[in-house]
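Observations on the three-dimensional arrangement
Take a look at the letters that make up each chain.
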Amino acid sequence: LETGRLEGRHPGSIEVSGMIWAPDGGRLYVVEPRRLRRITGPAEDPAWALGEGDSTVLAVRGDGGELAVGLHDGRIRLVDMAAGTLRFVEGHPKAIVGLGYSGSTLISADIGGEIRGTTTPFRTDPVIAIAVDPARGRLIVHTAGYLEIRDLATGQVKSRVPIKNSVPGGIQPCADGSSAIV
């Protein structure tokens, strides 16, 4: 979501700029203005202060042990889910627009087209979103006008498909690997 409201078991509603389910489906993580909150039921769950800077980009490591939050100022925050602690990692010079995990490796992309976490960091056209597909060893990059399928380890382009009327949004590979939803 770009900006929206989450309503349900909590009294009232909260402003939400991003959300993601944990891999086990038992927890929903939402980004509110300046904080990350876990929602598991009707009781108030823990929240982590994110500080200044808005975010809409989240990723959960496959084992559920870590959650990454990308901020508009280029910083990345990591939450250790077992310990409940928050720490910074090296960010980007521009707004983070994509995050994903390949095993324990965090892949990150900024709006300027810089992608890190592959064997060799690289630059492409301005990025709208990314999807990491470790099962097939590929990184799907949505740029302004193209969908690039890249080798996950090297970042090398395998194919590049033009997209008409490209708009901001997410990207998700289909489970069978045949296509991607933009």
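For every chain, the first residue of the written sequence is number 1, and numbering continues from 1 onward in sequence order. With pLDDT at 70 or above as the cut-off, local features in this predicted model cover only qualifying residues; side-chain atom pairs require 80 or more to be listed or tallied, and sums for whole chains, interfaces and linings still use all residues. As a rule here, side-chain values come from all non-hydrogen atoms in the structure, and water together with hydrogens is ignored.

1. Notes on the overall build of the protein
Segments assigned H or I by DSSP are reported as helices when at least four residues long, segments assigned E as strands when at least two residues long, and all are numbered from the N terminus. Helix and strand counts for the protein come out as zero helices and 20 strands. Only heavy atoms enter the contact rule, under which two residues are in contact if any of them lie within 4.5 Å. A separation of at least 24 residues holds for 31% of the contacts in the protein among residues at least 6 apart in sequence. The accessible surface values rely on the Shrake-Rupley method and a 1.4 Å probe; as for residues, cover is taken only from the protein chains in view. With an accessible surface of roughly 9,200 Å², the protein has 53% of that area assigned to carbon and sulfur atoms.

2. Points about the sheet that holds strand E18 (residues 157–162)
Any two strands with at least two DSSP bridges between them are considered paired. One open sheet holds the four strands; their spatial order is E15-E16-E17-E18, and the pairing between them is antiparallel. Lying at the two open borders of the sheet, with one neighbouring strand each, are strand E15 (127–133) and E18. Each strand axis lies, on average, 15 degrees off the axis of its neighbour in the sheet, ignoring direction. Think of each axis as a best-fit line through the C-alpha atoms, taken over the contacting stretch in the case of a helix, with angles from 0 to 180 degrees between the N-to-C directions.

3. Digging into the sheet that holds strand E5 (residues 35–39)
On the basis of which strands lie adjacent, the open sheet formed by four strands has the order E3-E4-E5-E6 and antiparallel pairing. Each having just a single partner strand, strand E3 (18–21) and strand E6 (47–49) make up the two edges of the open sheet. Pairwise comparison of adjacent strand axes, ignoring direction, gives a mean angle of 15 degrees for this sheet. Relative to strand E4 (residues 28–32), E3 is paired through four bridges, and the arrangement is antiparallel. Residue pairing for E4: Met 19 is matched across the bridge by Val 30.

4. What about the pattern of salt bridges?
For this analysis, a salt bridge means a side-chain nitrogen from Lys or Arg found within 4 Å of a carboxyl oxygen belonging to Asp or Glu. Tallied over the full model, the rule gives 10 salt bridges. The salt bridge partner of Arg 123 is Glu 114, with a shortest N-O separation of 3.2 Å. Glu 148 is the partner of Arg 160 in a salt bridge, and the nearest nitrogen-oxygen pair spans 3.2 Å. Of this pair, Arg 160 sits in strand E18 while Glu 148 sits in strand E17 (residues 146–151); the two residues are 12 residues apart in sequence, bridging distant segments of the chain.

5. Section: the environment of Gly 145
Assignment of secondary structure puts Gly 145 in the loop between strand E16 (138–143) and E17. For Gly 145, a relative accessible area of 18% translates into the label buried. Residues Gly 145 and Val 127 lie 18 residues apart in sequence; the distance between their C-alpha atoms is 9.9 Å. Only protein chains enter the calculation, and the probe is 1.4 Å; a residue is then buried if its accessible area is under 20% of its type maximum, exposed if over 50%, and partly exposed in between.

6. A short note on the pairing of strand E10 (residues 85–89)
In terms of strand pairing, strand E9 (residues 76–80) meets E10 through five bridges, oriented antiparallel. Bridge assignment links Asp 80 to a residue of E10, and that residue is Thr 85. Hairpin connection between E9 and E10: a loop of four residues separates the two successive antiparallel strands, and Gly 84 in this loop has a positive phi of roughly 75 degrees.

7. Some points on the nonpolar core
Each nonpolar core is a collection of buried residues, namely Ala, Val, Leu, Ile, Met, Phe, Trp, Tyr and Cys, held together in the definition by side-chain atoms within 4.5 Å. Tyr 29, Leu 36, Leu 67 and Val 69 are the most contacted members of the largest nonpolar core, which has 13 residues in total. For this core, the secondary-structure elements that each account for two or more residues are E4, strand E7 (55–60) and strand E8 (66–71). Within the second largest apolar cluster, 11 residues are counted, among which are Val 97, Phe 122, Leu 139 and Val 141.

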